[in-house]
Each structure stands twice: as C-alpha cells, then as structure tokens.
Amino acid sequence: MTHIQQEESRRNFIKQLGAAGILMTSFPSFAFNALTDPVSFTGLPPVNVSHERLIRKVVGLRPYRPSGFNLSVQKLDNKVIIHNYGHGGGGISLSWGTASLAIAKIENETQQVAVLGAGVVGLSTAILLLKQGKSVTLYTDKLPPNTTSNVAAAFWAPVSVYESDQIGEGFMDQFNKASQISQRMFQDLVGDRYGVWWIKTYFLGGNFDFPGGLNLYPNYKELTASTSPFNDHPITEEIHSLMIEPPIYLKALLDDFYQLGGKLVIRKFNQTSELTQLNQPVIMNCTGLGSHHLFGDKTLIPIQGQLAVLLPQEEIKYGYVYPSYDGLLYMFPRKDGIILGGTSEKDNWSLSTNEQEIKRILNGHQKIAEGLKQ
Ligand SMILES: Cc1cc2nc3c(=O)[nH]c(=O)nc-3n(C[C@H](O)[C@H](O)[C@H](O)COP(=O)(O)OP(=O)(O)OC[C@H]3O[C@@H](n4cnc5c(N)ncnc54)[C@H](O)[C@@H]3O)c2cc1C
C-alpha cells in the first residue's frame, strides 16, 4: 500500500467508527490515540528550510545570573526596592511566577508602587499589582516591541536560568514554585487574544531534564525507532508545553496594563540616586540586564542568543529541540514565522548577527527536515 492509500484507508476507518458512534464512547482510549497519532501513520510535515525563506535574523541578550534570578529586598534611603530580575533563558516562562513571589514581599498597607521595566517581567508584575488594587506607575526606557522579551523564542520551559553549583539555599524551592505558578497562569491565557497555545514538542536524543518538574510538560512519551517521526533520532521524548507569541502577548499585556489603570512614564535611570526622588515608597526592579549597570550587579551577565526566522508555515504545528554536537538546534512555529534557534554565548554583549552561526542553524534544521519519516 502506498503512503497516500494508507492515509486514506485510515481516514475511512475513523469515519466508519465515527458513524457507528463508537469512536469517542466505547473504543479504548489507547487505540484511539494510536489511530489519530500522526507520528505512527502520517509523519510530520517538514519545515521548508532555505536561505530564500529567511525573513529576519534576531539577536538578544538573556539576563543571566549563575546564582539564579534575584528576588530580594533592598533598602535604598527612604525607598524599599524589590528586585525581580536575572531570569536568563526562562524569563517568559517564569514571569507570572516570580512576579507573584516578588509582590508577596510588599507590605499590605503600601498603595503607591513604582515598577521599573516594561519587558515581560515588569508588565506581569505591574498587572498583578493593579489587580490587587495598587496604584502603579511603570517607568521604562523601552517598550515592546523593543525589549529583550520580544526577541524570545518563546517556548514555555525555564531553561538556562542558573548554574546548579552556584545557587544558594532555598533557590530551587523558589524556582519550582515560580515555574508552577507561572505555567498555571499561562494556561488561562491560551487563545488568540494573548497568542498562547499548546504545542507538541520533541526532544531529540532523549534524556532531557524538564525544568520545574515533568508534571509541567503533560502527555510525556518516550518514542523509539518505530514511533519516532525522526529517522536519525530513534530515541526521542515527546511532551506538550505552551508556546507564547511575544509580538501578540506583550502587546496584550501592555493593553491590560492601560485598561487596569496603570500609568506609564518613559524614562531611563542612570543611577540609583535618581530612584530616591520618585514619589512611590516601593519600587519593583524589573530592569532585566539593565540591573548590571543601574544596580552594579556584576554577577548579572548576558547570554547572547541568535535566531533565524523563516516565512510562516501554517501546517507546522509541532516543535523540536536537538542538542547536536555542532550546537543547539530548536524549531518553534509561530504566526510571525518559523523560529529557528539557536545560539547561547555567555558574556557576549554584542547585538550583531554572526553569519556563520546562521549558516549552521539553517544547515542543521535542513538536515532534520530531510530526516523526517514520510
Ligand atoms: C534568543 C532568545 C531566546 C529566548 N527564548 C526564550 C524562551 O523560549 N522561553 C523563555 O521563557 N525565555 C526565553 N528567552 C529569555 C527571555 O527573553 C528573558 O529571560 C526575558 O525576556 C527577560 O525579561 P525582562 O522583563 O527581565 O527583561 P527585558 O525584556 O529586557 O525588559 C527589561 C525592561 O527594563 C527596561 N530598563 C532596563 N534598564 C533600564 C533603566 N536603566 N532605566 C529604565 N528602564 C530600564 C528596558 O527598557 C525594558 O523595558 C530568550 C531570550 C533570547 C535572547
């Protein structure tokens, strides 16, 4: 039987089952999964990887602290500063979680709060405060779409957030809490308004350590040579996670911020003494990598990341991650393009693209597309 005939006969079979009224009711669920599982029967549509389809190259600086994000309270003259920065490669994923933990540090009677930064962390923090009835003024030098948050891929998985041998006591507890709170809150935002949706994702090579706990990546499966859709990668893990579309998502957060009554001031702070002049007694510091200069946190360094973006392909509804010997490769489909990653260069402050890396990324993904079972 040819592949097309196989697919046709599968569809007919499912139709017959549906007509007989047994598909969703009495047919065993494992058999239903096998029948509808595109991996076993149809293969995955390949990404069309070529230089001609490349629509942009982007570079961003992940705000990374080997000891993990900073969620601490600092007294600065008459002000209380609550830090919420340094989320590395997982800032989108952790945003609602660390925002919740950060605002829990504010004393109840405080009404006027300043938030610094309008990336995903600042906006999430400001929105939660507004929902608590606080009066919030957000100060920032840049707004979406000109933040690092807009550069993110942004797949829900808080990766590259800390170095295991450099974290302090209690950090993992905070990290796991933040991951869980955040993932749960993102679930409520699934849909077009926020550009958030579930995506089936393959981890080629297997043995991945899923940050925050495997329960945050539902429908986990270990695939083998017969079930993996990738010819060259018989050992593959399959999960579901959330995909966030930064251009849609950050705009929606900004809209929510205004609708909830937030006030915005465009302003860059060059030194902390300027903060002591603000009207608000409590200041939430969500300046990301900006804290390196503003607060002199020299443990905060960039991990430079580069992405190649191809023309969108509607039929691609899966993602994958592959730590190849030549470097990391990951693919996520979004409305604004097929996101191909990526690079991770510690302490590189440059925002210029590296053409050799773009070539590596395109070649690597082309090979994966060619190796799909059809
Ligand atoms: C290539 C790449 C891929 C990524 N992929 C993912 C992913 O798949 N999933 C994921 O969860 N994360 C991902 N990330 C990481 C994520 O983008 C960051 O962790 C996150 O954006 C950090 O958010 P932030 O709000 O702290 O910082 P930013 O988005 O940088 O926002 C900081 C804000 O503070 C303001 N600011 C800074 N300094 C000052 C100052 N002195 N005065 C006034 N305002 C100031 C800035 O203007 C800005 O508005 C990726 C990052 C990169 C680069």
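Residues numbered from 1 in each chain as written. Predicted model: local features only at pLDDT ≥ 70, side-chain atom pairs only at ≥ 80, totals over all residues.

With five of five residues buried, strand S14 (residues 337-341) is to be regarded as a mostly interior element. Two strands pair when backbone bridges link them, and strand S11 (residues 301-310) and S14 are joined in this way by three bridges, in the antiparallel orientation. Paired with valine 309 across the strands is isoleucine 339, a residue of S14. Judged from the five bridges that link them, strand S13 (residues 327-334) and S14 form a sheet pairing that is antiparallel. Its bridge partner being in S14, arginine 334 is matched across the sheet by glycine 337. (Buried ≥ 20, exposed ≤ 12 C-beta atoms within 10 Å, placed from the backbone. Helix = DSSP H or I, 4+ residues; strand = E, 2+ residues; numbered from the N terminus. Pairing = 2+ DSSP bridges.)

So, on to the sheet that holds strand S4 (residues 112-116). Here we have six strands laid out as an open sheet, ordered S2-S3-S10-S4-S5-S9, and mixed in their pairing. The open sheet has two edge strands, strand S2 (73-76) and strand S9 (263-266), and neither has a second partner. Strand-to-strand twist in this sheet, taken as the mean axis angle between neighbours without regard to direction, amounts to 25°. As paired strands, strand S3 (residues 79-83) and strand S10 (residues 282-285) are joined by four bridges and run parallel to one another. (Axes fitted to C-alpha atoms, helices over the stretch in contact; angles between N-to-C directions.)

All right, on to the nonpolar core then. If you look at the biggest cluster of nonpolar residues, it comprises 74 residues, and the most contacted ones within it are Val115, Ala126 and Ile244. Broken down by element, the residue count for this core peaks at eight residues, all from helix H5 (residues 120-131). Grouped together as the second largest cluster of nonpolar side chains are five residues, Leu61, Leu289, Leu300 and Ile301 included. (Core = buried A, V, L, I, M, F, W, Y, C linked by C-beta atoms within 7 Å.)

Moving on, we come to the site of the ligand. Near the ligand you find 41 residues, and of these Gly91, Gly119, Gly288, Gly290 and Gly305 are the closest. Sorting the residues of the shell around the ligand by element identifies strand S1 (54-64), helix H4 (91-103), H5, strand S5 (135-140) and S11 as the ones contributing at least two each. In the shell around the ligand, the residues fall into 18 nonpolar, 19 polar and four charged. (Near = placed C-beta within 6 Å. Nonpolar A, V, L, I, M, F, W, Y, C, P; charged D, E, K, R; others polar.)

Take it as geometry only, folks, not as evidence of what the structure does.
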